[in-house]
Amino acid sequence: MSLETGDKAPAFALPGPAGATVRLADFKGRKVALFFYPKANTSLCIAEAQDFERLTGAFAEAGTAVVGVSRDPLKAVEKFRDKQDLTLPLATDETGRMLEAYGVWVEKTLYGRRFMGVERATFLIDAKGRIARVWRKVRVKGHAEEVLAAARAL
């Protein structure tokens, strides 16, 4: 499934650190920058999460929540959050159902080996719960700033 601009964002309720549950419904009436990252505590995922974290105040001023999602086990997400001093909501989808609903559980290739994994992607969801913008195969450098500019423009 491939979500596009204008589609209704699939609802989710996912476990997060410290026993929290992260739900799309928790952000009703607000915009959401939902970023998917492949693996906690890897260099690009650290850089991406830190960029979004650095801009959380600016996102808040733009009426936008930021949420990160991976398929990592909950313990890995908790360690990632703590080690990187992240305050933005992180969630895990160990079942992969939400990742599939957003179309980010994809076949990847590394050194000629094919495997299934999380595509680095971001979805900007408007205050009505619709997909306002989609970024696929994200390049980390400058990405959080680009998402913030799009959020401000909504």
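About the criteria used
- Residues numbered from 1 in each chain as written.
- Predicted model: local features only at pLDDT ≥ 70, side-chain atom pairs only at ≥ 80, totals over all residues.
- Heavy atoms only, no water.
- Salt bridge = Lys/Arg side-chain N within 4 Å of Asp/Glu carboxyl O.
- Helix = DSSP H or I, 4+ residues; strand = E, 2+ residues; numbered from the N terminus.
- Buried < 20%, exposed > 50% of the residue type's maximum accessible area, 1.4 Å probe, protein only.

A few words on the pattern of salt bridges. Scanning the model with the defined rule gives eight salt bridges in all. Between Arg136 and Glu119 there is a salt bridge, with its nearest N and O atoms 2.8 Å apart. Remark: Glu119 occurs in the loop between strand S7 (113–118) and strand S8 (121–125) and Arg136 occurs in the loop between strand S9 (131–135) and helix H5 (143–153); sequence separation between them is 17 residues. What emerges from the salt-bridge pattern is a single network uniting Asp51, Arg54 and Glu145.

On to unusual backbone geometry, then. Positive phi, close to 55°, is recorded for Tyr111, a residue that is not glycine. One can find Tyr111 in the loop between strand S6 (105–110) and S7. Tyr111 gets classed as exposed once you look at its relative accessible area, which sits at 82%. The phi angle at Lys137 is positive, at roughly 50°, despite the residue not being glycine. Of note, Lys137 is situated in the loop between S9 and H5. Relative accessible area serves as the criterion here: at 71%, Lys137 is assigned to the exposed category.

By themselves, these observations are geometric and do not establish any function.
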